[in-house]
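One letter stands for each residue in the lines below.
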Amino acid sequence: MSVTGVSDSLGGSSSASSSPQITGVNERTLSPEETEKLGRDQVLVSRFKQEKLEADAQKNWDLFYKRNTTNFFKDRHWTTREFEELKNCREVQGQKLVMLEAGCGVGNCIFPLLEEDLNIFIYACDFSPRAVEFVKKNILYCPERCMAFQCDLTKDDLLDNVPVETVDVVTLIFVLSAIHPDKMQTALEHLYKVLRPGGIVLFRDYGLYDHAMLRFKSGNKLGENFYVRQDGTRSFFFSREYLAALFHKTGFESLVNEYVLRETVNKKEGLCVPRVFLQSKFRKPSLL
Ligand SMILES: C[S@@+](CC[C@H](N)C(=O)[O-])C[C@H]1O[C@@H](n2cnc3c(N)ncnc32)[C@H](O)[C@@H]1O
């Protein structure tokens, strides 16, 4: 277990502050009240509604960006601190890092990187056409250094936009949780095809028993560790074992796969809530 002082930025209240984060392999221990609450919440959303949510997934994310424009998520300035692989391109002179930000939203992950690092080319895709337009309209967007395109990771072949095995690093930041568990594997297979042998996926997403999972009211449960928000977007909460099994089945090998635990204090409301994320690195095996 280790303790560091990195802050996350999921959007929401600006009056929140965080304790140092603790990383480790053990799941968060639930209080008896939390265990009871999760145990009580067994009724699932009807099959008809679940099918509609899946059919409307793209529309619901596009409406999310219509309502929130670029104002919901904060820029993610922590990525190079957490994932040293993103800095490697500066260590070897002249080496350009080719990155794919899968599910880029409005670019909160890519623009800090483009600002910070001149020697990087970023492919960025999202299935919300509106989000992709916001990326393209950003003042830092420049076609020599970035290419944004619309794509559904669960259906579309990334090879239509990205040459086979040319990507050094894929970032998957709070995206896989938005995809139906039955389709996560297909999304990973699409990423696998564009990664070069030895290329890496950098992953951060909601972890099992995160505060957001315990906050769902009954009537929002879609399946095990899978919930729907008021706006129709969905969220899965990953255990280490579940994520590792998905990646291994696709052919990746694990490098790191750890929970990140932190207490976030909302000063305005005087509330202290436990946040749990899963932060991981998986590699496509190198050629022998
Ligand atoms: C929580 S946002 C994260 C955005 C970005 N990665 C960041 O760090 O700010 C999740 C994004 O995943 C996208 N998404 C969800 N399902 C997707 C799919 N099947 N294919 C591509 N993008 C998807 C949504 O449109 C949304 O922009």
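Bear in mind the structure is a predicted one, so any value in this text is a computation, not a measurement.

J.: Could you clarify how one ought to interpret the state of the cysteines in this entry?
T.: Here, disulfide denotes a covalent bond that connects the sulfur atoms of two cysteines. In total, this model carries zero disulfides according to the counting rule given. Of all cysteine sulfurs, the one in Cys104 lies closest to Cys109, which takes part in no disulfide; the gap is 9.5 Å. For Cys109, a relative accessible area of 2% gives the class buried. The thiol sulfur of Cys146 is not disulfide-bonded, and the nearest other cysteine sulfur, from Cys142, lies at 8.0 Å. Looking at Cys146, the relative accessible area reads 1%, which means it is buried.

J.: Would you explain unusual backbone geometry in this entry?
T.: Trans is the common state for peptide bonds, and a negative phi is the common state for residues other than glycine. In the Ramachandran plot, Thr69 falls in the positive-phi region, its phi being about 40° despite a non-glycine side chain. Looking at Thr69, the relative accessible area reads 27%, which means it is partly exposed. In the Ramachandran plot, Tyr209 falls in the positive-phi region, its phi being about 70° despite a non-glycine side chain.

J.: Sorry if this is basic, but what is going on with the nonpolar core here?
T.: As a rule of thumb, nonpolar side chains are buried together in soluble globular proteins. Among the nonpolar cores identified, the biggest contains 41 residues, and Leu172 and Leu176 are the most heavily contacted of them. Of all the elements, helix H8 (residues 181–194) adds the most residues to this core, at five residues. Leaving out residues up to four positions away in the same chain, Leu176 has contacts with Met184, Leu188, Phe203, Asp205, Phe238, Leu243 and Leu246. Counting 37 residues, the second-largest nonpolar core is a separate cluster that includes Leu38, Leu97, Ala148 and Val260.

J.: It is not clear to me how the packing of H8 against helix H10 (residues 240–250) should be interpreted in this structure. Could you clarify?
T.: For any two helices packed against each other, one specifies the crossing angle of their axes together with the interaxial distance. Orientation of H8 relative to H10, taken along the N-to-C sense of each, is 45°, at an axis distance of 9 Å. The pairing of H8 with H10 is recorded here as oblique in orientation. Both H8 and H10 take part in a crossing whose hand is right-handed. Together, Pro181, Met184, Gln185, Leu188, Glu189 and Tyr192 of H8 and Tyr242, Leu246, Phe247, Lys249 and Thr250 of H10 make up the contact between the two elements. In the contact of H8 with H10, the residues fall into seven nonpolar, two polar and two charged.

J.: Which parts of the structure should I look at to understand the packing of aromatic side chains?
T.: Applying the stated criterion to the full structure yields 20 aromatic pairs. Each ring, one from Phe226 and one from Phe236, has its centre 6.1 Å from the other, and the planes form 55°; the classification is tilted. Highlighted residues: Phe226 in strand S10 (residues 226–228) and Phe236 in strand S11 (residues 234–236), separated in sequence by 10 residues. As far as the burial class goes, Phe226 and Phe236 line up, both buried. Members of the aromatic cluster, each reached through a chain of ring pairs, are Tyr192, Phe203, Phe226, Phe236, Phe238, Tyr242, Phe247, Phe252 and Phe282.

J.: Explanation requested: the pattern of salt bridges in the structure shown.
T.: Between side chains of opposite charge, a pair can form when the charged atoms approach closely. Evaluated as defined, the whole model comprises 18 salt bridges. Between Asp210 and Arg275 there is a salt bridge; the shortest N-O distance is 2.7 Å. Separated by 65 residues along the polypeptide, Asp210 in the loop between strand S8 (195–206) and helix H9 (211–215) and Arg275 in strand S13 (residues 271–283) bring together distant segments of the chain. Exposure remark for Asp210: the relative accessible area of 0% places this residue in the buried category. Since its relative accessible area comes to 16%, Arg275 is described here as buried. Through salt bridges that share partners, Lys52, Asp56 and Lys59 make up one connected network.

Definitions and cut-offs
- Residues numbered from 1 in each chain as written.
- Predicted model: local features only at pLDDT ≥ 70, side-chain atom pairs only at ≥ 80, totals over all residues.
- Heavy atoms only, no water.
- Disulfide = S-S within 2.5 Å.
- Buried < 20%, exposed > 50% of the residue type's maximum accessible area, 1.4 Å probe, protein only.
- Core = buried A, V, L, I, M, F, W, Y, C linked by side-chain atoms within 4.5 Å.
- Helix = DSSP H or I, 4+ residues; strand = E, 2+ residues; numbered from the N terminus.
- Contact = heavy atoms within 4.5 Å.
- Axes fitted to C-alpha atoms, helices over the stretch in contact; angles between N-to-C directions.
- Parallel < 35°, antiparallel > 145°, perpendicular 65-115°, else oblique.
- Left-handed = near helix turned anticlockwise from the far one by under 90°.
- Nonpolar A, V, L, I, M, F, W, Y, C, P; charged D, E, K, R; others polar.
- Phe/Tyr/Trp six-rings, centres within 6.5 Å; stacked < 30°, edge-to-face > 60°.
- Salt bridge = Lys/Arg side-chain N within 4 Å of Asp/Glu carboxyl O.

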